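# Architecture at a glance
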Amino acid sequence: MPRSLLLLLLLAACSEPQPQQIHLSNSSFEGTPAAGSTPDGWTNCGDRGESPTDIQPGFFGVSLPAAEGRTYLSMVVRETGKLEGLSQALPTPMKPGVEHSLWLSLAQSDSFSSPALNLEGKLKTADFSHSVVLRLYGGMNPCERRELLAQTPVIGHREWKPYLLKWQPSAAHTHLMLETFYDTTRVQSYNGHILVDHLSEISIK
Ligand SMILES: [Ca+2]
């Protein structure tokens, strides 16, 4: 083989386009609206003994139309310290040390009341209208919080707004997890919620 042809073949191999996007499964959380239901494509990461996230609208006083498609996710934090989350395996791993970004739509419902175990262990209707944040984690297994990748601001607005999250993973994570967390400016744990819809693909620079 002539050396010039070999060089061309080598250059072509080196310039083979690498995947620059990671597509998520059911990134718009479409499904049949139901309380305590995990959308197709996602794995529930909530604590045992607590109900999973909800497919909205239509439950606990949530009536906001979807930001995209027909349905979306509601996730809570509980005064008992319990969080809600879900995860999925990525079709290709993240790239360590490279900037990743993802858009998503976030909102809060005017009202959100749900039966919940209180600090005394009794089941009572509780007010979950307080604001929370959403965290993104990377991991090598379902529901693994190996690395905190990004966190949203505290979400208190009642209409959908787009947010861009950016991170540089330290490892080639194979799983992405979403989980609620408290507004850490509040002193005590509390009941709160967030509405989540329309995740984009993960873009890699
Ligand atoms: Ca949707």
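Residues numbered from 1 in each chain as written. Predicted model: local features only at pLDDT ≥ 70, side-chain atom pairs only at ≥ 80, totals over all residues.

## Topic: the overall build of the chain
Test applied: Working definition: helices are DSSP H or I runs of at least four residues, strands are E runs of at least two. Numbering for both runs from the N terminus. Here the C-beta atoms are placed from the backbone, and a residue counts as buried if at least 20 other C-beta atoms lie within 10 Å of its own, exposed if 12 or fewer do, and partly exposed otherwise. By the convention adopted here, residues make contact when the C-beta atoms placed from their backbones lie within 7 Å.
Counting secondary structure elements, the chain contains 1 helix and 14 strands. Counting only C-alpha atoms and orienting by the principal axes, one finds that the chain spans roughly 80 × 30 × 30 Å. Counting all 205 residues of the chain, 30% fall into the buried class. Residue pairs in contact within the chain that sit at least 24 positions apart in sequence constitute 72% of those at least 6 positions apart.

## What to know about the pairing of strand β8 (residues 123–127)
Convention followed: A pair of strands is labelled paired if DSSP reports no fewer than 2 bridges between them.
The element β8 is barely covered by neighbouring structure, given that only 0 of its 5 residues are classed as buried. Relative to β8, strand β7 (residues 113–117) is paired through 5 bridges, and the arrangement is antiparallel. If you follow Ser 114 over to β8, its bridge partner there is Ala 126. In this antiparallel pair of consecutive strands, β7 and β8, the connection spans 5 residues, and Gly 121 shows a positive phi of 85 degrees.

## Section: the sheet that holds strand β5 (residues 85–89)
In a beta sheet, neighbouring strands are held together by backbone hydrogen bonds and run either parallel or antiparallel to one another. Taken together, 5 strands build an open sheet; the order of strands is β2-β5-β12-β9-β10 and the sheet is antiparallel. Among the strands making up the open sheet, the edge pair consists of β2 (43–44) and β10 (147–151). Relative to strand β12 (residues 175–182), β5 is paired through 5 bridges, and the arrangement is antiparallel. Bridge pairing links Gln 88 to Leu 176 in β12.

## Some remarks on the nonpolar core
Here is the rule we go by: Definition of nonpolar core: a set of buried Ala, Val, Leu, Ile, Met, Phe, Trp, Tyr and Cys residues joined via C-beta atoms within 7 Å.
Counting 33 residues, the largest nonpolar core has Tyr 72, Leu 73, Leu 106, Leu 178, Ile 194, Leu 195 and Val 196 as the members making the most contacts within it. Among the elements of the structure, β4 (72–77), β6 (100–107), β9 (132–139), β12 and β13 (192–197) are those that each provide at least two residues to this core. Of the residues forming this core, the biggest block, 5 residues, is contributed by β4. Excluding anything up to four places from it in sequence, Leu 106 contacts Leu 134, Thr 152, Ile 155, Lys 161, Tyr 163, Ile 194, Leu 195 and Val 196.

## A short note on unusual backbone geometry
The omega torsion of the bond from Gln 56 to Pro 57 falls at 10 degrees, within 30 degrees of zero and hence cis. Relative to the helices and strands, Pro 57 is located in the loop between β3 (54–56) and β4. Unlike most non-glycine residues, Phe 29 shows phi in positive territory, near 55 degrees. Mapped onto the secondary structure, Phe 29 falls in the loop between β1 (21–22) and β2. Under the C-beta neighbour-count criterion, Phe 29 is labelled buried, with 29 such atoms within 10 Å. In this model, His 198 sits at a positive phi of 60 degrees, which is unusual for a non-glycine residue. The class for His 198 is partly exposed, based on 18 C-beta atoms found within 10 Å.

## Concerning the environment of Ser 51
Locating Ser 51 in the fold gives a position in the loop between β2 and β3. For the pair Ser 51 and Leu 86, spaced 35 residues apart in sequence, the C-alpha to C-alpha distance is 12 Å. In contact with Ser 51, other than residues within four places in its own chain, are Ala 35 and Gly 36.

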